[in-house]
Amino acid sequence: MSLNRRDFLKIAGITALGVGAASAFEVLSGKQLEAALKAAPLTAGKRWAMVVDTRKLREEDYHDVITACHTSHNVPDFSGTKDEIKWIWAEPFENAFPDSPNEYVKPEVKDKPFLVFCNQCGDAPCVRVCPTKATFKGEDGITMMDMHRCIGCRYCMAACPYGARSFNFRDPRTYFADKEVPNREFPTRTRGVVEKCNFCTERLAKGLYPACVEACKSNALIFGDLDDPNSEVRRILRANFSIRRKPQLGTDPSIFYIV
Amino acid sequence: MLERALVGPKKYWTGLIGLLVLIGIGAGCYFLQYQKGLTITGMGRDVSWGFYIAQFTFLVGVAASAVMLVLPYYLHHYKAFGKITILGEFLAVAAVSMCLMFILADLGRPMRMLNVLLYPTPGSVLFWDMTVLNGYLFLNIIIGWVILAAERKGVAPPAFVKPLIYISIPWAVSIHTVTAFLYCGLPGRGYWLTAILAARFLSSAFAAGPSLLIILCLLVRKWSKFDPGKEPIQALGTIVTYAIIMNVFFFFLEVFTVFYSRIPEHMLHFKYLFVGLHGHGIYVPWMWAAIILCFVAIALLLTRKARANEKILLAGAICVFLGTWIDKGMGMIAGGFTPSPLEHVTEYVPSAPELFITLGVWATGFLVLTILYKVAISVKEELAS
C-alpha cells in the first residue's frame, strides 16, 4: 500500500485514537499502522466466526434472517425445485447434525429448526478441491468465491460435507427480469457458477455486521473474531457449551451452535 | 494413412452416417443445454453430478485397460498380443476423447475451461486428472500411429516410441487411480470415502475394457478380412475372468467393512442403491441386475473349456461390460450423492436431453474408434495380401 505523507498522517492520527497511548512516532512504522487499522471493530478480523444461540431463536427470526440474507445478496427464489439456490436455511436437528442421532433429545431441540449455512471451515474441502482457485480463503478466514473464474465443475459441491453450496443451474437474471433486483449494490450472478454464503464480506468491508446478524431481532446470532480472545464470540464460547457440525471431519468449522 | 478412412464398403459408410445422426441429435441437445444451462438435466442441488460424470468415470477405465495388451506384449514379450495392441491403443484414444467430452458437457461455464491451465492448482485432484488424461490421450495417439506407420512400411518402429510405451504402462494405471482420488478424498461422501475405491475402479476397468475389446475383435473378424486370431482373444478372456472375479471380491470387501461396522454414513448409500431408502429406490433393480450380470459372467467364463467357445466368451464379455457399466456408469455417482450430506434422499434421473447428449458423446467416441480401426485394419489387410 503506498500512501503519501498527507494521507498517512491522517490515518495515523485517526488510529492514534484507537491505540491510545501509542505515540505518533511509534505509529509511523508500517507494521504498527496495519495493526492499528485491524483493531477497528469489523473491517479486519483474522478469523470471522459466528455463534448461533438456538436458545434465543424465535420463530419469526428464521424468516427475517433468511429473507435478509437472500435479498441482500440477490438470491433468486427457485425454492421447491432441484435448481434451488440457498445461502442460509433451516434444517431439523437430525439433518443439521446427522452424525449425532439421538431420538431422546429434548423436545426443544428436536422440534426446533437449525439455521445452517457455510461453515467457513478453517480447513475447507471446497478450497482444497477447486481446480482454478475460484474458491479461496480470504485473509480474514472467509471462504470466498470468484464468480468470474469459476468454471462450474461443481467439484466444490461434491466436497462440501454441509451441503452449503448452490449451483446456478438456471440463469438467475431471468428471475429478476420482471422484478426489481433487491440490492443494487450487490452483483447478480450468471448461469453456470457455484455460490454460497460469503459471510457478508461486502458489508464487513463497510464496518457493518452480516445481514443475518442485523436482521435477527432476538440477537441469537453473534458475530466476531475468533482469533481475538476478547471478542464477543470468544466470551460466549467461554461461557457456554457449544457444538459444531461434523467436527470429526477435521474441517474446523467457524460456526458454533449453543443448544 | 488417414486416407484409408475415406474409402470403404457401403456398410462402413452406413455405420458412419448412423453415428453422425446420433451425434447430430446430441449436438442439438447440447446447444439447448448451452442456451438454457444445466437446468435441462436431471441434476440438481443435492445430486450435482450425474450421468456425464458417471460415463466419464466408466470410460476412464475402458481407456486404462489398453495396458492389459501393452504390458504383456512389451514387458513379457507375449507375441500373440502383437496383432491387436493397436486395437487397444486406439480404443484408449476413443475412450479418453469421450471422457474429455463428458467433462466439457458437464461444465457450467465451458468457455472458461482453460482457467484450469491459466490458474494451475496442484492441490486439486481435478487438475491432475486433466493432466493425466490429456497425457494419456497423446501417448496413445503417438504410440499407436507411429507403430502402425512403421508396420505398414515394414520397418522397425523409431527408437523414441519405446520409452513412451514404457511410460504409458504406469500412466494407464494413473489415470484411473487419479479418477478414483477425485471421489475417495472427499470427507462428507461415505460411499466413496474408501481406500479400496481406486483398486475397485482398476479391477472393474480391467474387466470392462478387455471385454469390450473381445466384442470388438469378434466384430472385426466378422466385418473385415483381418483376423485378430483365436489366441489373443482367448488371452483377453482369461484377463477378463481374473479381473471380474477380483472386482466382485473387492466389492465384497467393501460390503463387509460397511455392513459389519454399521456406520450409517457409509451404509446408507448401499442401502439406497440395493434396497432403497425412505421409500426411494429407483436404482434397486439396476444394481441387482449388475450383481446378477457379474455372477453370470463369472459362471460363463470360469472354466477354460467354456471360454474356448467363442459364443460363450462373447456372452460373458457382454455380461461383464453391462454389469460394470451399471455399477460405475449409473450407481457410482448417483449413489455417492444419495443420501445427501444432510441425509436427505433426492433421487436423480437423467433427463431426455441429458441422455441424448450422453448418446451423442458415445457416438462421437465410436466415430473416432471406427475411423481409427478402419485405418488400422486397412493397413493390416494390405500387409496380409
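Residues numbered from 1 in each chain as written. Chains lettered and ligands numbered in written order. Predicted model: local features only at pLDDT ≥ 70, side-chain atom pairs only at ≥ 80, totals over all residues. Heavy atoms only, no water.

1. Observations regarding the overall build of chain B
Inclusion rule: Put simply, DSSP H or I for four residues or longer makes a helix, DSSP E for two residues or longer makes a strand, and each gets a number counted from the N terminus. The quantity called the radius of gyration is restricted to C-alpha atoms. Its globule counterpart is 2.2 Å times the number of residues to the power 0.38. Throughout, exposure labels follow a simple rule: accessible area from a 1.4 Å probe, protein chains only, divided by the maximum for the residue type, with under 20% read as buried, over 50% as exposed, and the rest as partly exposed. Any pair of residues with heavy atoms lying within 4.5 Å of one another is described as a contacting pair.
On a plain count of helices and strands, chain B comes out with 14 helices and 0 strands. The C-alpha atoms of chain B give 21 Å as radius of gyration, which agrees with the globular expectation for 385 residues (21 Å, within 12%). Taken along its principal axes, the extent of the C-alpha atoms in chain B is 65 × 50 × 40 Å. In chain B, which comprises 385 residues, the proportion classed as buried is 59%. In chain B, the share of contacts with a sequence separation of at least 24, taken over all contacts with a separation of at least 6, comes to 78%.

2. Side note on the interface of chain B and chain A
The cut-off we apply is this: The salt bridge criterion pairs a side-chain nitrogen of Lys or Arg with a carboxyl oxygen of Asp or Glu, the two atoms within 4 Å. Residues adjacent in sequence count toward polar contacts only when both atoms are side-chain atoms; beyond that, a polar contact is any pair of N or O atoms within 3.5 Å, and within protein one must be able to donate a hydrogen and the other to accept it.
With 42 residues of chain B at the interface, the matching set in chain A holds 44 residues. Across the contact surface, chain B and chain A share 1 salt bridge. For the salt bridge of Asp106 of chain B with Arg154 of chain A, the shortest nitrogen-to-oxygen distance reads 2.7 Å. Scanning the region where chain B abuts chain A turns up 34 residue pairs in polar contact (both at pLDDT 80 or more). Listing elements by their share of the side of chain B that touches chain A, those giving two or more residues are helix H1 (10–36), helix H5 (115–118), helix H6 (125–153) and helix H7 (161–184) of chain B.

3. Some remarks on the packing of helix H9 (residues 230–261) of chain B against helix H10 (residues 264–274) of chain B
Residues and elements named next belong to chain B. Filter applied, for reference: Lines fitted to C-alpha atoms define the axes here, with helix axes fitted over just the stretch in contact, and angles between the N-to-C directions of these axes take values from 0 to 180 degrees. Angle categories are assigned with fixed cut-offs, so that under 35 degrees is roughly parallel, over 145 is roughly antiparallel, 65 to 115 is roughly perpendicular, and the rest are oblique. Each crossing is labelled by how the near helix is turned from the far one, with a counterclockwise turn of less than a right angle marking it left-handed and a clockwise turn marking it right-handed. Polarity classes work like this: nonpolar for Ala, Val, Leu, Ile, Met, Phe, Trp, Tyr, Cys and Pro, charged for Asp, Glu, Lys and Arg, and polar for all others, with Gly in that last group.
Following both chains from N to C, one finds H9 and H10 inclined at 120 degrees, their axes separated by 9 Å at the closest point. Considered as vectors, H9 and H10 are oriented oblique to each other. H10 is crossed by H9, and the crossing has left-handed handedness. Of H10, the residues touching H9 (which contributes Phe251, Glu254, Val255, Val258 and Phe259) are His266, Met267, Phe270, Lys271 and Phe274. Within the contact of H9 with H10, the residues separate by chemical class into 7 nonpolar, 1 polar and 2 charged.

4. Looking at the environment of Ile233 of chain B
Residue and element names in this part refer to chain B. Counting through the fold element by element, Ile233 comes out in helix H9. In this structure Ile233 comes out as buried when scored by relative accessible area, which is 0%. Spatially, the C-alpha atom of Ile233 lies 42 Å from that of Ile40, the residues being 193 residues apart in sequence. Leave out the neighbours within four places in its chain, and Ile233 touches Ile214, Cys217, Leu218, Arg221, Pro228, Glu310 and Leu313.

5. Some words on H10 of chain B
All names here are of chain B. Summarising burial for H10: 8 of the 11 residues are buried, a large majority. Residues of H10 that are buried: His266, Met267, Leu268, His269, Phe270, Tyr272, Leu273 and Phe274. One or two residues past the end of H10 sits Gly276, with phi positive at roughly 90 degrees.

6. Considerations on the side chain of Lys86 of chain A
Relative to the helices and strands, Lys86 of chain A is located in the loop between helix H4 (59–72) and strand E2 (88–91). Beyond its immediate stretch of four places on either side in the chain, Lys86 of chain A contacts His70, Ala164 and Ser166 of chain A together with Arg45 of chain B.

7. Focus on the sheet that holds strand E8 (residues 221–225) of chain A
Residues and elements named next belong to chain A. Note the cut-off: For two strands to count as paired, DSSP must find a minimum of two bridges between them.
Taken in spatial order, the 3 strands make up an open sheet running E8-E1-E9, and their pairing is mixed. In the strand order of this sheet, the two ends are held by E8 and strand E9 (255–258), each with one partner. Across the sheet, the mean angle separating the axes of adjacent strands is 20 degrees when strand polarity is ignored. Lying on the sheet, helix H12 (residues 232–239) is in contact with strand E1 (48–53), E8 and E9; it crosses E8 at an angle near 115 degrees.

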